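Residue strings, one per chain:
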Amino acid sequence: MRKLMIFLSVAIACLTMVVPVSAAKIRHLGTLYTDSAGQALNHPEGVACGDSVFVVADTGNSRVVRYQASTQGMIAEASFPLPEAVPLVAQLNAAGDIYLLDGKSRQILILSKQGQQLGKVEPRGVPAPKTVVPRSFRLADELIYLVDIFGERVLVLKQTGDFVQQISFPEGYRFFSDLAIDFRGTLYLLDSVAGAIYRADSGAENFSLFSSGLKEYLNFPVSLAADSTGTLYLSDQYGSGLVEVGRDGSFQGRKFGMGWEDAQLLYPAQVCINAQNNLLIADRDNSRVQVFSILNE
């Protein structure tokens, strides 16, 4: 009954959307349900992409699961329990260390690629307010880009936690939930409530409006990622879909729909894209991760 009610509510919401065909073709590669021991994933919220390794923040099981991608497919290698944490957002650094936003402590935890707990990110030298409450974060070029909803800013930190820069949220925003960085170093900030994306070029001190009016095509986006061309992909959690936004900020199309089959979603969470343009989606309420290949025309 619960799944039927979810299906009806999402389907009704999606009837109001204009849904043209997306410019990019996306091919389904596989779906992941379990770890190496066969234990099922449970409402995973986060997924982080490396070139040949990716990790899943298996939120309902309070753990991280690491997978290896090869020509033979995607193989679960190891799982790392975090009984005191609620892992929500995951990232990998160049060394393969795992960074996780813990929804319980609201701190960023650090694990080695073997799963050893290395500590947490401690912001140092941050301008007032000193209190930092992360909503999401990304790693790029040895830096941490952190959405601080308490300080109403994006903090740029070294991976040691030392302060580098802050960029204040723009005026008139509603609620920022995620950010992404493209190959040029451009920073994108997602306003889930307004259905808008803001941008700041590398080194910029302010955000400017990049894309607006997306509420016509989605309900409540919670995560975004950039592919190798700079195209953005947004997971529409309440609409159970994926939305594509072009490099000029225009809506390019909508993919998938609500359901339980492959290439269907149910309240998706974090998305990530690796250098090979493989797209991973934490398909939260289906308790799985789906893997796709982006084929840009």
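Whatever comes next refers back to the structure up there.
Everything numeric here is computed off the predicted structure, so don't read it as measured data.

### Overview of the overall build of the protein
Of regular secondary structure, the protein possesses 1 helix and 24 strands. Computed over the C-alpha atoms, the radius of gyration of the protein is 18 Å, within 12% of the 19 Å expected from 2.2 N^0.38 for a compact globule of 297 residues. Taken along its principal axes, the extent of the C-alpha atoms in the protein is 50 × 45 × 40 Å. Burial statistics for the protein: of 297 residues in total, 55% are counted as buried. Considering only intrachain contacts with a sequence separation of at least 6, the fraction spanning at least 24 residues in the protein is 47%.

### Some thoughts on the packing of aromatic side chains
Across all of its chains, the model carries 10 aromatic pairs by this definition. Between Phe176 and Tyr198, the aromatic rings sit 5.6 Å apart at their centres with planes inclined by 85°, giving edge-to-face as the arrangement. Of this pair, Phe176 sits in strand S14 (residues 176–181) while Tyr198 is found in strand S16 (residues 196–200), placing the two residues 22 residues apart along the sequence. By relative accessible area, which is 12% here, Tyr198 ends up buried. An aromatic cluster is defined as three or more aromatic residues linked by ring pairs; in this entry it consists of Phe169, Tyr173, Phe176 and Tyr198.

### What to know about unusual backbone geometry
At the junction of Ala128 and Pro129, the peptide bond is cis and its omega measures out at 0° in the coordinates. By secondary structure assignment, the location of Pro129 is in the loop between strand S9 (117–120) and strand S10 (134–140). The phi dihedral of Ser240 is positive, around 50°, even though this residue is not glycine. When you line up the elements, Ser240 lands in the loop between strand S19 (232–236) and strand S20 (241–245). Positive phi, normally seen in glycine, also occurs at Asn277, with a value near 60°. If you trace the backbone, Asn277 turns up in the loop between strand S22 (271–273) and strand S23 (278–283). The class of Asn277 is buried, set by a relative accessible area of 7%.

### Some details on the nonpolar core
By size, the foremost hydrophobic cluster in this structure holds 17 residues, and its most contacted members are Tyr145, Val154, Leu179, Leu187, Leu189 and Phe207. Put simply, the parts of the chain that give this core at least two residues each are strand S11 (143–148), strand S12 (153–158), S14, strand S15 (187–191) and S16. In this view, Leu189 contacts Val147, Val154, Phe169, Phe176, Asp178, Leu179, Ala196, Ile197, Tyr198 and Phe207; residues no more than four positions away in its chain are not counted. If you look at the next biggest cluster of nonpolar residues, it comprises 15 residues, including Ile197, Leu214, Tyr217 and Leu218.

### Observations concerning the sheet that holds strand S18 (residues 221–226)
An order of S18-S19-S20-S21 is seen for the 4 strands of this open sheet, with the pairing classed as antiparallel. Pairing within the sheet leaves two strands with one partner each, and these edge strands are S18 and strand S21 (251–255). Neighbour-to-neighbour, the strand axes of this sheet turn through a mean angle of 20°, independent of strand direction. As judged from the 5 bridges shared by S18 and S19, these two strands associate in the antiparallel manner. From the neighbouring strand, Leu224 faces S19, where its bridge partner is Leu234.

### Section: the layout of surface pockets
Rolled over the atoms, a probe sized like a water molecule indicates the empty space that remains. Roughly 1,000 Å³ of internal volume is contained in the largest pocket. The computed volume of the second largest pocket comes to approximately 200 Å³. Around the second largest pocket, the lining is made up of 16 residues, and of these Glu45, Val89, Arg135, Val222 and Ala269 lie nearest the centre. For the lining of the second largest pocket, the secondary structure elements donating two or more residues are strand S6 (87–92), S10, S14 and S18. Looking at the lining of the second largest pocket element by element, the count peaks at 3 residues for S10. Partitioned by chemical class, the residues of the lining of the second largest pocket number 5 nonpolar, 5 polar and 6 charged.

### Thoughts on the pattern of salt bridges
Per the stated rule, a full pass over the model turns up 14 salt bridges. The closest approach of N and O atoms between Arg66 and Glu77, which form a salt bridge, is 2.9 Å. Of the two residues, Arg66 is situated in strand S4 (residues 63–70) and Glu77 in strand S5 (residues 73–81); the sequence distance between them amounts to 11 residues. The exposure class of Arg66 is buried, given its relative accessible area of 18%. The partly exposed category is assigned to Glu77, whose relative accessible area is 35%.

Conventions used here
Residues numbered from 1 in each chain as written. Predicted model: local features only at pLDDT ≥ 70, side-chain atom pairs only at ≥ 80, totals over all residues. Heavy atoms only, no water. Helix = DSSP H or I, 4+ residues; strand = E, 2+ residues; numbered from the N terminus. Rg over C-alpha atoms; globule rule 2.2 N^0.38 Å. Buried < 20%, exposed > 50% of the residue type's maximum accessible area, 1.4 Å probe, protein only. Contact = heavy atoms within 4.5 Å. Phe/Tyr/Trp six-rings, centres within 6.5 Å; stacked < 30°, edge-to-face > 60°. Core = buried A, V, L, I, M, F, W, Y, C linked by side-chain atoms within 4.5 Å. Pairing = 2+ DSSP bridges. Axes fitted to C-alpha atoms, helices over the stretch in contact; angles between N-to-C directions. 1 Å grid on protein atoms, 1.4 Å probe; cavity = no way out; pocket = protein on both sides within 12 Å on 5 of 7 lines; lining within 4 Å. Points joined across faces, edges and corners; volume = space filled by probe spheres on them. Nonpolar A, V, L, I, M, F, W, Y, C, P; charged D, E, K, R; others polar. Salt bridge = Lys/Arg side-chain N within 4 Å of Asp/Glu carboxyl O.

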